[in-house]
Amino acid sequence: MELLKSLIVSQGDVKNSALLKVDSFLNHQIDPVLMYEIGQELKRRFAGEKITKVLTIEASGIAIGIMAAYAFNVPLVFAKKKKPSTMNDSYNVTVHSFTKDTDYNITVSKEFLNERDRVLIVDDFLAMGNAVIGLKEIVETAGAEVVGVGIVIEKGFQKGGDMLREQGIKLESLAIIDSLEGNKITFRD
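Scope of this entry: the structure provided in the associated data block.

Cut-offs used in this document
Residues numbered from 1 in each chain as written. Predicted model: local features only at pLDDT ≥ 70, side-chain atom pairs only at ≥ 80, totals over all residues. Heavy atoms only, no water. Salt bridge = Lys/Arg side-chain N within 4 Å of Asp/Glu carboxyl O. Helix = DSSP H or I, 4+ residues; strand = E, 2+ residues; numbered from the N terminus. Buried < 20%, exposed > 50% of the residue type's maximum accessible area, 1.4 Å probe, protein only. Pairing = 2+ DSSP bridges. Contact = heavy atoms within 4.5 Å. Axes fitted to C-alpha atoms, helices over the stretch in contact; angles between N-to-C directions. Phe/Tyr/Trp six-rings, centres within 6.5 Å; stacked < 30°, edge-to-face > 60°. Lys NZ or Arg CZ within 6 Å of the ring centre and 35° of its normal. Arc of directions from axis to C-beta.

Here's the deal with the pattern of salt bridges
Think of it this way: side chains of opposite charge can pair up when their charged atoms draw near.
Right, on to step 1. Using the criterion set out here, one finds 13 salt bridges in the structure.
Right, on to step 2. Residue Arg44 pairs with Glu41 through a salt bridge whose shortest N-O separation is 2.5 Å. Of this pair, Arg44 and Glu41 both sit in helix 3 (residues 32–45), three residues apart, roughly one helical turn.
Right, on to step 3. Judged by relative accessible area, Glu41 falls into the buried class, the value being 15%.
Right, on to step 4. Residue Arg118 pairs with Glu49 through a salt bridge whose shortest N-O separation is 3.5 Å. Placement of Arg118 in strand 7 (residues 118–126) and of Glu49 in the loop between helix 3 and strand 3 (53–57) is noted, with a sequence separation of 69 residues between them.
Right, on to step 5. Using a relative accessible area of 23% as the deciding quantity, one classes Arg118 as partly exposed.

Written out as C-alpha cells, the structure reads:
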C-alpha cells in the first residue's frame with residue numbers, strides 16, 4: 001500500500017532496531033484519508049469472506065477497525081483492556097504487550113460474539129503476535145470463526161507473522177518492514 005509506505009518513510013521515527021514510532025498518522029494523531037484507504041484495502045484483500053464482525057483491541061486498533069467495519073458494512077467489536085462494571089458475561093484472555101511490557105486481561109462481552117460470526121481481526125502493528133493470538137482465542141471460545149487477520153504494519157523481523165502463517169491463518173499485512181537497522185526502514189517487496 002503505497003500511501004502507507006510513503007507516510008512511514010516521511011513521518012515514521014525509527015527509535016531503535018525494533019521500534020518504529022508512527023504517532024503522527026496511525027496511533028495517536030490519525031490520518032483519516034489513510035484510515036479510509038486502509039479500510040478499502042482490507043475490504044479488497046478479504047473480499048468474498050462473508051465477514052460478519054471486525055474485532056480489534058483498544059485503543060490503537062479502533063480507528064483501523066471502524067474503517068474496516070465500515071467497508072464491510074458490519075459491526076466493529078473491540079476488546080477492552082479493563083472489564084467495566086457494566087459488563088456481565090464476557091470472554092477473557094491475558095495478553096502481554098511487549099511495547100508497554102505489561103499484561104492485559106482483555107475482555108469482550110458475550111452478547112457481541114457468537115457461533116454464527118465470521119470474524120476479521122485487525123490491528124495497527126504485528127510484532128510477536130500476542131494480541132492477535134489473544135483475540136483469536138476469544139473468537140474461538142465464542143464458537144465463532146476467524147476468517148483472517150488484517151495488519152497495518154508488520155515487523156517482519158519479529159516472529160509474529162511467521163507464527164500466524166504457520167498456523168494457517170490468512171494474514172494480510174499492508175506494509176511489512178524487514179529491518180529498522182541503522183535507522184533505515186527496509187520494506188519487504
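That covers the picture; the talk isn't over yet.
Section: the sheet that holds strand 4 (residues 76–79)
Right, on to step 1. Taken in spatial order, the six strands line up as 4-3-7-8-9-10 in an open sheet, and their pairing is mixed. Strands with a single pairing partner mark the edges of an open sheet, and in this sheet they are strand 4 and strand 10 (186–187).
Right, on to step 2. The strands that helix 3 touches are strand 7, strand 8 (145–155) and strand 9 (171–179); relative to strand 9, the one it contacts most, it runs at about 115°.
Right, on to step 3. Where helix 4 (residues 61–72) meets the sheet, it contacts strand 3, strand 4, strand 7 and strand 8, and its direction lies at approximately 145° from that of strand 7.

Structural notes on the packing of aromatic side chains
Right, on to step 1. Counted by the stated rule, this structure contains zero aromatic pairs.
Right, on to step 2. For the cation-ring pair, Lys5 lies above Phe187, with the distance from its terminal atom to the ring centre recorded as 5.5 Å.
Right, on to step 3. A cation over a ring is seen here: Lys81 above Tyr104, with NZ or CZ 4.5 Å from the ring centre.

Side note on helix 1 (residues 2–11)
Right, on to step 1. Considered for burial, the residues of helix 1 that qualify are Leu4, Lys5, Leu7 and Ile8. Down the axis of helix 1, the smallest arc covering the buried residues is 160°, so these residues share one side. Within helix 1, the exposed residues directed more than 90 degrees away from the buried face are Glu2, Val9 and Ser10.
Right, on to step 2. Turning to helix 1, the residues buried within the fold contact strand 2 (19–21), helix 2 (23–27), helix 3, strand 8, strand 9 and strand 10.

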